[in-house]
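Single-letter residue listing:
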Amino acid sequence: MSFSLKQLVLIIATFICLLIQLRLRRASVEDQDAALKVHELEEAMMAHHFNNHNQQKKERFQYNFHQKPNQVKVRQPPIVISSNVSRTIPENLNLINERSKHNDFTKSRMESSRAQYIKVCKSLPNQRQSRAAKYSSYAFARLRWCSVPKSGSTFLTRELRPTLREKGDFDGDAPKRFILVREPYSRLVSAFFSKIVGHPAWWFAFGAKLISKFRSNPSADSLRCGHDVTFQEFIKYFIYSCENSWYTNAHFLPIHSVCNMCDDPPDFIAKIETMKSDMDFILNSVNVSGETGKSFIEVKHLAVLFMSYKTRFQGCGSMCSLLKRFWWGQQATGLISKDLPLPVKDQAACDRITGEQLADLAWKAHADSVARIGNKHLYKLNMATELWRQVPLADRSKIRDLLSLDCRLFGYDCSPKFVFPEDTVV
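Predicted model, so just to flag it, every value in this text is computed and none were measured. The residue count restarts for each chain, going from 1 along the sequence in the order it is written. Predicted model: local features are reported for residues with pLDDT of at least 70 only, side-chain atom pairs are reported and counted for 80 or more only, and whole-chain, interface and lining totals are derived from all residues. Each side-chain value is worked out from all heavy atoms of the structure, with water and hydrogens disregarded.

Peer 1: Tell me what's going on with helix H10 (residues 275-285), and back it up with residues and numbers.
Peer 2: Partly exposed residues are those whose accessible area sits between 20% and 50% of the maximum for their type, while under 20% is buried and over 50% is exposed, using a 1.4 Å probe and protein chains only. Secondary structure elements are taken from DSSP: a helix is a run of H or I of four residues or more, a strand is a run of E of two residues or more, and numbering for both begins at the N terminus. Inspection of H10 places Met-275, Ser-277, Asp-278, Met-279, Phe-281, Ile-282 and Leu-283 among the buried residues, and these make up the whole buried set. Of the residues trailing H10, Asn-287 is marked for its positive phi of about 65 degrees.

Here's what the structure looks like:
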């Protein structure tokens, strides 16, 4: 029996494809990326052969490469189809192997955090346990989330939730519970700038009450507007509020007071500091995907929101001083570099500025700040250090006592150097 050149090429290509399929099935890769890459390379190889022989009609061979593998076998030698294929496949397998190691590390960290939480809960007397956690449905009701203000709650609701997609069925018997937490001292700083400094609605609702109670000889404007609360006054409010249940708000309470889950510990404890890997792991556990690495820069939104209260806060000091306070808030949170001052200096210009104009100025300053700031985490840490230095040691020690349970439950240092730079901490 004789074969034409075309038939021989077709037989050889078919044989190679079958070998590839058998090898991939044996390898049982966790991810389909490698298989799909090989599929693309097969098609390129087939097209190359047929083009060389002036084929008028290209035939495509379809194999089932969509069966999800389960295990990576990196030790197997590369499958040599061409010089390009032999380089690509090991790279993909190495990438999958690194991803698997990362998932194992995240899983181990999650299990350790949960074990620590349960251990601390068991050591608590009943009177230390506050109100029970309130969960809300998340990720197509496959998760139950206890929301903590100033711990990524805005990101989870406004940014991540719209990107969630079901990857397949969920076989779990019940929704899994999770909480997203944050370093306690940084959370306090974030709450101060987000609400007390940058949001005029909170000036009248909270600021005026804080000034009335914790400031000696306040001005009439400060008592009426509450627009110039200092960080030291905010800390005094936090201490008094926690000790006396005075004018409490979830934004300004320890995490364990907002979400006490000792009676029913969460399945997962995610942290702002490792949010992307933690949320990837949690979502994957219920067969859901989402854009966990999405970054949301809200400086323009904050500027427009701030100026929307212009008619209300007129008379609460000069307009330039109020704009400088807004600008300082963006500098402290790392959106604008501290060496870029507010570009509006003339009082008449301050009085005329609109929300859109302030948003444009803030956005330009933000764009110019990226290179100036460099390491954003270090920059924010330095800004927070300057803030905490203004607080007397006695008050910082009281804060540590109030946050100690959060530190123990979630594994944070309760005497961080940026809050307690003293050589000897009392």
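Back to the text.
Peer 1: Can you explain the packing of aromatic side chains? Please cite residues and give values.
Peer 2: Any pair of aromatic rings gets described here by the distance separating the centres and the angle formed by the planes. For Phe, Tyr and Trp, rings pair up if their centres lie within 6.5 Å, where Trp contributes its six-membered ring, and each pair is then called stacked (planes under 30 degrees apart), edge-to-face (over 60) or tilted (otherwise). For the coordinates displayed, the defined rule picks out 31 aromatic pairs. With a centroid separation of 5.4 Å and 45 degrees between ring planes, the pair formed by Phe-192 and Phe-234 is classed as tilted. Here Phe-192, found in helix H5 (residues 184-197), pairs with Phe-234, found in helix H8 (residues 231-244); they are 42 residues apart in sequence, far enough to count as distant. Here Phe-192 matches Phe-234 in class, with each residue buried. Centre to centre, the rings of Phe-206 and Tyr-247 are 4.7 Å apart; their planes meet at 50 degrees, and the pair counts as tilted. With Phe-206 in helix H6 (residues 200-214) and Tyr-247 in the loop between H8 and helix H9 (255-258), the pair connects residues that are 41 residues apart, well separated along the chain. Owing to a relative accessible area of 6%, Phe-206 belongs among the buried residues under this scheme. The side chain of Lys-213 reaches across the aromatic face of Trp-246, ending 5.4 Å from its centre. In this arrangement the basic side chain of Lys-271 is found over the ring face of Tyr-412, its NZ or CZ atom lying 4.6 Å from the centre. The criterion is that NZ of a Lys, or CZ of an Arg, lies within 6 Å of the ring centre and within 35 degrees of the ring normal, and then a charge sits over that ring.

Peer 1: So, the sheet that holds strand E2 (residues 143-146): which residues are in play, and what are the values?
Peer 2: Each strand in a sheet pairs with another by means of backbone hydrogen bonds, the pair being arranged parallel or else antiparallel. Pairing between two strands requires that DSSP report at least two bridges joining them. Ordered by their spatial adjacency, 4 strands build an open sheet running E1-E2-E4-E5, and the pairing between neighbours is mixed. The open sheet terminates on both sides in strands that have one partner only, identified here as strand E1 (136-138) and strand E5 (268-271). Across the sheet, the mean angle from the axis of one strand to that of its neighbour is 35 degrees, orientation sign disregarded. As judged from the 3 bridges shared by E1 and E2, these two strands associate in the antiparallel manner. Along E2, the bridge assignment pairs Ser-136 with Trp-145. In this description, contact between two residues means that some pair of their heavy atoms is separated by no more than 4.5 Å. Axis angles are defined between N-to-C directions and span 0 to 180 degrees, where every axis is a line fitted to C-alpha atoms and, for a helix, only to the segment in contact. Contacting E1, E2 and strand E4 (176-181), helix H4 (residues 153-160) crosses the sheet at an angle of about 140 degrees to E2.

Peer 1: Residue-level account of the environment of Ala-220, with values.
Peer 2: If you trace the backbone, Ala-220 turns up in helix H7 (residues 220-225). Looking at Ala-220, the relative accessible area reads 62%, which means it is exposed. A C-alpha to C-alpha distance of 9.3 Å links Ala-220 and Cys-316, two positions 96 residues apart in sequence.

Peer 1: Summarise the pattern of salt bridges; cite the residues concerned and give the values.
Peer 2: We define a salt bridge as a contact between a side-chain nitrogen of Lys or Arg and a carboxyl oxygen of Asp or Glu at a distance within 4 Å. Taken as a whole and judged by the stated rule, the model has 14 salt bridges. Glu-159 serves as the salt-bridge partner of Arg-158, at 3.7 Å between the closest nitrogen and oxygen. Where Glu-233 meets Arg-215, a salt bridge forms, and the shortest distance between an N and an O atom there is 2.7 Å. Here Glu-233, found in helix H8, pairs with Arg-215, found in the loop between H6 and H7; they are 18 residues apart in sequence, far enough to count as distant. Assigned by exposure class, Glu-233 and Arg-215 land together as buried. Within the structure, one salt-bridge network assembled from shared partners comprises Arg-158, Glu-159 and Glu-298.

Peer 1: Before we move on, can you summarise the packing of helix H13 (residues 319-332) against helix H15 (residues 355-373) with the specific residues and values?
Peer 2: Relative orientation of the contacting elements H13 and H15 amounts to 35 degrees, with a least axis distance of 12 Å. In this structure, H13 meets H15 at a crossing whose hand is right-handed. Mapping the contact onto sequence places Leu-323, Phe-326 and Trp-327 in H13 and Leu-358, Leu-361, Ala-362 and Ala-365 in H15. Each residue gets one of three labels, nonpolar for Ala, Val, Leu, Ile, Met, Phe, Trp, Tyr, Cys and Pro, charged for Asp, Glu, Lys and Arg, and polar for the others, Gly among them. Here the contact of H13 with H15 is composed, by residue class, of 7 nonpolar, no polar and no charged. For a crossing to be left-handed, the near helix must be turned anticlockwise from the far one by less than a right angle; the clockwise case is right-handed.

Peer 1: Which residues make up unusual backbone geometry, and what values go with them?
Peer 2: One non-glycine residue with positive phi stands out, namely Lys-150, at about 65 degrees. Non-glycine residue Asn-287 carries a positive phi angle of around 65 degrees. By the element assignment, Asn-287 lies in the loop between H10 and strand E6 (288-289). Relative accessible area serves as the criterion here: at 23%, Asn-287 is assigned to the partly exposed category.

Peer 1: How would you explain the environment of Glu-356 if you had to name every residue and give the values?
Peer 2: Position of Glu-356 among the secondary structure elements: in helix H15. Sequence separation between Glu-356 and Val-304 is 52 residues, and the spatial gap between their C-alpha atoms is 6.2 Å.

Peer 1: With reference to specific residues and values, describe the pairing of E5.
Peer 2: A two-sided burial pattern is seen for E5, the buried positions comprising Phe-268 and Ala-270 on one face and Ile-269 and Lys-271 on the other. Sheet topology places E4 next to E5; 4 bridges connect them, and they run parallel. Bridged to Val-181 within E5 is Lys-271.

Peer 1: Quick rundown of the state of the cysteines? Include the residues and the values.
Peer 2: When the sulfur atoms of two cysteines come within 2.5 Å, that pair is taken as a disulfide. As enumerated under the stated definition, the model contains 4 disulfides in all. The side chain of Cys-121 participates in a disulfide bridge whose partner is Cys-262; the two sulfur atoms lie 2.1 Å from each other. With the S-S dihedral at roughly -75 degrees, the linkage between Cys-121 and Cys-262 falls on the left-handed side. Taken together, the positions of Cys-121 in helix H3 (residues 83-122) and Cys-262 in the loop between H9 and E5 put the pair 141 residues apart, joining distant regions of the chain. The residues Cys-121 and Cys-262 share a single accessibility class, namely buried. Paired through a disulfide, Cys-225 and Cys-316 show a sulfur-sulfur distance of 1.9 Å.

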